[in-house]
Amino acid sequence: MANILILGVKVPYTRGGAESLCSSLASELKERGHNVDIVNLPISFSSKEKLLTYASMWRSIDFSEFAGKVVDLIIATKFPSYYAKHTKKSIWLVHQHRPAYELYGTRFSDLSDDPRDEALREALLEGDTKAIGEASYISGISENVIRRLKRFNGIEGEVLYPPLPLGKRYKRGESGDYILSVGRICNIKRIDLMIKALPIVHNFISLKVVGTPDEDGIMEYFNNEIDKHHLWDRVEFLGRVDDETLLELYANCLCVYYAPFDEDYGYVTLEAMASGKPVITAKDSGGVLEFVRDMETGLVLEPTTDSIGHGVNKLVENRELATKLGENGHLYIKGTPMFSGGWDSVISRLLSPLDE
Amino acid sequence: MRVAWFSLLNPKDKPTDSLSAYFTDEVFPSLKDLIDIDFFVSDENSYPYKTYSFLRAFEMHRKRPYDIFFYQVEDKKECDFIRMHLGVRPGIVLYHDLFFKSDPPPPLTFSIWQDVLEAYLAQAEIRFPAKKPQDFSDPFALREASLALVPLFSSTRLCGEFRRRVLKYLGRDLPIPNIFYLPHPVSYRPEQENAIGTLKAAFCGSTELEGRAHKVLPAIKKEGFNLIWMIKRSEKEKAEDLLREFGVSDVDLITGKSPARWREVVSKASVAIHTHFSAYGGLGPYPYISLSQGVPIVTCDFAEGESLPDDIAIKINPGRYEGSQLSQALESIKCRREFFEGPYRKIARDYIEEFHQSSLIADELLKVFNSKQDPAKRALYKWEEILKQGREYLFKKASENPLCDIISGSQDKDLGIASVWSSQIGEFAGICLTGSEIDI
């Protein structure tokens, strides 16, 4: 039995896949008899200059012992938790500070050519290379995350796909008349594309959005689009829902829309597959494309409203196709360790520094 | 000499219509043994050269400094990363465009480049504005043009625009005031010539208004030429509409526009038409490739076309009489076939050999690199002062922490943790902001 700390980073009042990952990992470790706790530190992205302060906060904490117990291993997840120091540090990388990496130069980054921004970008890249590079074991939650790490920091790592948070509880249901979107509500998730595509979609089809906003002004923007296109009866924001409700929503939707820009991994994709639903995604959706194949398990479309609208209509007009794609996805996911049995290998790799 | 080369590149076996990718392919064979070039890109395509992510350029520069940062700028979204980096470490810039159709990448609309440039030129402190309003004011690449330490241009028209607009904007001399015209490079690779005895017109204008297809197609039909039309893949539908509209049926429509492809295409023609007319874009290397294949060209008496010698180009004026002038030009090709299929070929090829030969252009670029290496290095060194100011600002901000304030306050001084906290900040900043190897 080892004393293990999982290091999480939390934007207060929001919840995303990383939080599910930390709590699932903690439960699985406890089931295997380890003494586990999750350490979360808050972060805010409203002032980019403060990012170094957050990193140095992690760096300044002595993780060697708490409450008379020697900490045997820390498992860091996302930026900047991996700045924590420990003789045995495992990293299961969710993502780095993406605006300084692959999002740099896009509308999803707030870093410009300002010398202050360049200093920050360089500091983060060098700091990450050093802090991640010093770990005893390095892994990431998808091929996409590991490829970025190699490309931008020159660091190799292993891919450990996180198993589904609700295990075998996903249900199969009817093909309903709504599209489901699950996840944090922010620009990079591109829910606006689906909202703006709705006028093209058959008018008896609606959109249900599960998740909470975590960007200033995003709901005003969405509501403006809804007003503009008279979509008041066709878009429903459900906020956070409990597990049972979520399982029902997945089970009875027409399809799941999940087309973020260059996503790291995306639990939503796998949850849709586990519920036997086709996934509508985009050609530039990153990690999602490690699982969704066009016309096999979903539709991989251009990230435009036209393309997405017509894609949804294809499924509305051909429910057999929707069912078939969903069925293919279900068959696929059932055969992977993400659906069952995956935690053993994940945990054995994350705990490997303890064998040294 | 070490050069950091920022450019679009042609993926392996997939030529594109990028002018900077074409330029690179043409000059690299002559440069590769003379200078040490590292290519920086923003994507993960497979290229014929070893490439690095542009985000790591600063790190590679710190470990083993580059003598020159070389950028190629053109009006393409894919060039955004080059435009971004140009403001971070200026260098020698080859402009293929000075007007941009698309908006800059969003972070650049908040750029404080004017303040930075002003501080650089005056060797003064940057007046960092608290918040910069978003700026979409001008499609003209004023920022990119002003930030060049040595500006090079692939068209004579751009040199003029630069003189008129950028120098006027700055109201003073540029850091290195020389500007150079570096013509499009063309390597003469003879293709099979089967144009003799045929009436085939090759055309690579876009389907947009500035491509002038609406003037070219009626003239081609009227004069009884067969058409070979090379377009971008995305233009296929529109091209087919235009062909239907003007009743042109004998057409070889070639999709996938690129200079490399044009070389094959144009060698099959008895005339090449290059009549682009717009503030945006230009003729590119296409007319020069046509000439290198000995094919007579019809071009606009405008911009780059204007500077071509009259004995190798038939020039027309855009506008009201454009259609009839095009017809006349095609008529003259038919009437003077002996000349165009005989002596003209040598005149055209000699011209290209004298002014556009790839090895010659590579040599010119090398001369620029050699002669401007020291001033460019000095300018880059001076620019490091600008970056240092950014680091100092950041370090100061990172140290402004509520906890720091509390522990440095008089009532908490005896807690004794102030120094620990400060050392953590200092340690972190030490690693990240100076790149020094502190053992953490």
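All of these numbers come straight from a predicted model, not from anything done at the bench. (Residues numbered from 1 in each chain as written. Chains lettered and ligands numbered in written order. Predicted model: local features only at pLDDT ≥ 70, side-chain atom pairs only at ≥ 80, totals over all residues.)

**Details of the overall build of chain B**
Tallying secondary structure elements over chain B gives 18 helices and 13 strands in all. Here chain B holds 440 residues, and 43% of them are scored as buried. Across chain B, contacts joining residues at least 24 apart in sequence account for 72% of those joining residues at least 6 apart. (Helix = DSSP H or I, 4+ residues; strand = E, 2+ residues; numbered from the N terminus. Buried ≥ 20, exposed ≤ 12 C-beta atoms within 10 Å, placed from the backbone. Contact = placed C-beta atoms within 7 Å.)

**A closer look at the domain arrangement of chain A**
Note on interface size: it is often stated as the accessible area lost on association of the parts. All names here are of chain A. Here the domain parsing of chain A yields domain 1 (3-162 + 341-355) and domain 2 (167-334). One C-alpha centre belongs to domain 1, the other to domain 2, and the line joining them spans 28 Å. Every contact between the two is made by 16 residues of domain 1 and, on the other side, 15 residues of domain 2. Of all the elements in the fold, those that place two or more residues in the side of domain 1 that touches domain 2 are α1 (17-31) and α4 (143-153). With three residues, the single largest contributor to the side of domain 1 that touches domain 2 is α4. Residue composition of the side of domain 1 that touches domain 2, grouped by class: six nonpolar, seven polar and three charged. (Domains from an automatic or database assignment. Nonpolar A, V, L, I, M, F, W, Y, C, P; charged D, E, K, R; others polar.)

**Some points on the packing of helix α8 (residues 267-274) of chain A against helix α10 (residues 319-334) of chain A**
All names here are of chain A. Closest axis-to-axis distance for the α8/α10 pair is 7 Å, and the angle between their directions is 105°. As summarised for this structure, α8 and α10 are arranged roughly perpendicular, according to the angle between their axes. Here L270, A272, M273 and A274 of α8 lie close against α10, whose contacting residues are G329, H330, Y332 and I333. (Axes fitted to C-alpha atoms, helices over the stretch in contact; angles between N-to-C directions. Parallel < 35°, antiparallel > 145°, perpendicular 65-115°, else oblique.)

**Here's the deal with the pairing of strand β12 (residues 297-300) of chain B**
Residues and elements named next belong to chain B. On β12, burial covers both faces: I297 and T299 on one face and V298 and C300 on the other are all buried. Where strand β11 (residues 271-274) and β12 come together, three bridges link them in parallel fashion. Opposite A272, over in β12, you have I297 as the bridge partner. In this fold, β11 hands off to helix α11 (residues 286-292), which returns the chain to β12; that crossover is right-handed. In terms of strand pairing, β12 meets strand β13 (residues 313-316) through four bridges, oriented parallel. (Pairing = 2+ DSSP bridges. Right-handed = clockwise from strand over helix to strand, strands pointing away.)

**Remarks on the interface of chain A and chain B**
Taken residue by residue, the interface counts 31 residues in chain A and 42 residues in chain B. Contributions of two or more residues to the side of chain A that touches chain B are made by α2 (51-60), α3 (115-133) and α4 of chain A. Of all the elements, α3 of chain A adds the most residues to the side of chain A that touches chain B, at eleven residues.

**Notes on the environment of H95 of chain A**
All names here are of chain A. As for its placement among the helices and strands, H95 is situated in the loop between β6 (89-93) and α3. Residues H95 and V145, 50 residues apart in the sequence, show an inter-C-alpha distance of 6.5 Å. Non-local contacts of H95, meaning those with residues more than four positions away in its chain, are made with K78, F79, V145 and D264.

**Some details on the sheet that holds strand β5 (residues 73-76) of chain A**
Residues and elements named next belong to chain A. Across the sheet, six strands lie side by side as β2-β1-β5-β6-β7-β8; this open sheet has parallel pairing. Among the strands making up the open sheet, the edge pair consists of β2 (35-42) and β8 (158-159). Bridging between strand β1 (residues 3-10) and β5 involves four bridges; their strand directions are parallel. By the bridge assignment, I4 is partnered in β5 with L73. Across the sheet, α1 lies against β1 and β2, angled at about 170° from β1, the strand it touches most. On top of the sheet, α4 reaches β6, β7 (137-140) and β8; it is set at about 125° to β7, its chief contact.

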